[in-house]
Amino acid sequence: MIANVCLGIPMQIVSIDGFLARCTAKGVEREASLFMLQHALPAVGDHVVVHLGYAMERVSAQDAAAAWEVYDQMLSVEGAA
């Protein structure tokens, strides 16, 4: 059983308004603050790791996909338990 785990979620930016990005992953949309990435702001289409409403780092599309493969495996194990 996976319990009390905090993970950063890879998401793709679909729109930006100042330091606020609208991000999507697996059909879910969320807003994320870009404040922590203000030194090198990401652009629409970029992938970022979102944790607690903040974009923590920019990642490649390949790294985002690889992370989702691991998360999907974890969720399938959790669902089978």
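Let us look at the structure shown here. For every chain, the first residue of its written sequence is number 1, and the numbers climb from 1 along that sequence. Note on the predicted model: pLDDT of at least 70 is required for a residue's local features to be given, and 80 or more for side-chain atom pairs to be given and counted; whole-chain, interface and lining totals, by contrast, use all residues. In computing side-chain properties, one takes all heavy atoms of the structure into account and sets aside hydrogens as well as water.

What follows deals with the overall build of the chain. We count a stretch as a helix when DSSP gives it H or I for four or more residues in a row; a strand needs E for two or more, and each element gets its number in order from the N terminus. When helices and strands are tallied, the chain shows 1 helix and 5 strands. Of the regular secondary structure in the chain, the N- to C-terminal order runs β-β-β-β-β-α. Only protein chains enter the accessibility calculation, which uses a 1.4 Å probe; a residue whose area is less than 20% of its type maximum is buried, one above 50% is exposed, and one in between is partly exposed. Taking all 81 residues of the chain together, the buried fraction comes to 25%. A total accessible area of about 5300 Å² is found for the chain, and carbon and sulfur atoms account for 57% of it. The accessible surface values rely on the Shrake-Rupley method and a 1.4 Å probe; as for residues, cover is taken only from the protein chains in view.

When the centres of two rings from Phe, Tyr and Trp lie within 6.5 Å, Trp using its six-membered ring, the rings pair. Their planes under 30 degrees apart give stacked, over 60 give edge-to-face, and anything left gives tilted. Using the criterion set out here, one finds 2 aromatic pairs in the structure. Look at Phe19 and Phe35: their rings are 6.0 Å apart centre to centre, the planes differ by 75 degrees, and that puts the pair in the edge-to-face class. Remark: Phe35 occurs in the loop between strand 3 (28–33) and strand 4 (47–51) and Phe19 occurs in the loop between strand 1 (9–17) and strand 2 (20–25); sequence separation between them is 16 residues. On the accessibility criterion, Phe35 (47% relative accessible area) is partly exposed. Their ring planes at 85 degrees and their centres at 5.6 Å tell us that Trp68 and Tyr71 sit as a pair that is edge-to-face.

This brings us to the side chain of Ser33. Inspection of the secondary structure puts Ser33 in strand 3. Residues are treated as being in contact if the distance between any of their heavy atoms lies within 4.5 Å. For Ser33, the residues in contact, after removing those within four places along its chain, are Phe19, Leu20, Gly53, Tyr54 and Ala55.

What follows is about the layout of surface pockets. Note on definitions: the grid is 1 Å and covers protein atoms alone; a cavity is a set of points where a 1.4 Å probe fits but cannot get out; a pocket is an open set with protein on both sides within 12 Å along at least five of seven lines; lining residues have an atom within 4 Å of a point. Grid points are joined across faces, edges and corners, and a volume is the space filled by probe spheres set on the points. There is about 190 Å³ of room inside the largest pocket. In this structure, the largest pocket is lined by Ile9, Met11, Ala25, Lys26, Val28, Arg30, Glu31, Val50, His51, Leu52, Gly53 and Trp68. Listing elements by their share of the lining of the largest pocket, those giving two or more residues are strand 1, strand 3 and strand 4. For the lining of the largest pocket, the element with the highest residue contribution is strand 3, accounting for 3 residues. Each residue belonging to the lining of the largest pocket can be placed in one class, and the counts come to 7 nonpolar, 2 polar and 3 charged. Amino acids outside the nonpolar list (Ala, Val, Leu, Ile, Met, Phe, Trp, Tyr, Cys, Pro) and the charged list (Asp, Glu, Lys, Arg) are all regarded as polar, and Gly is one of them.

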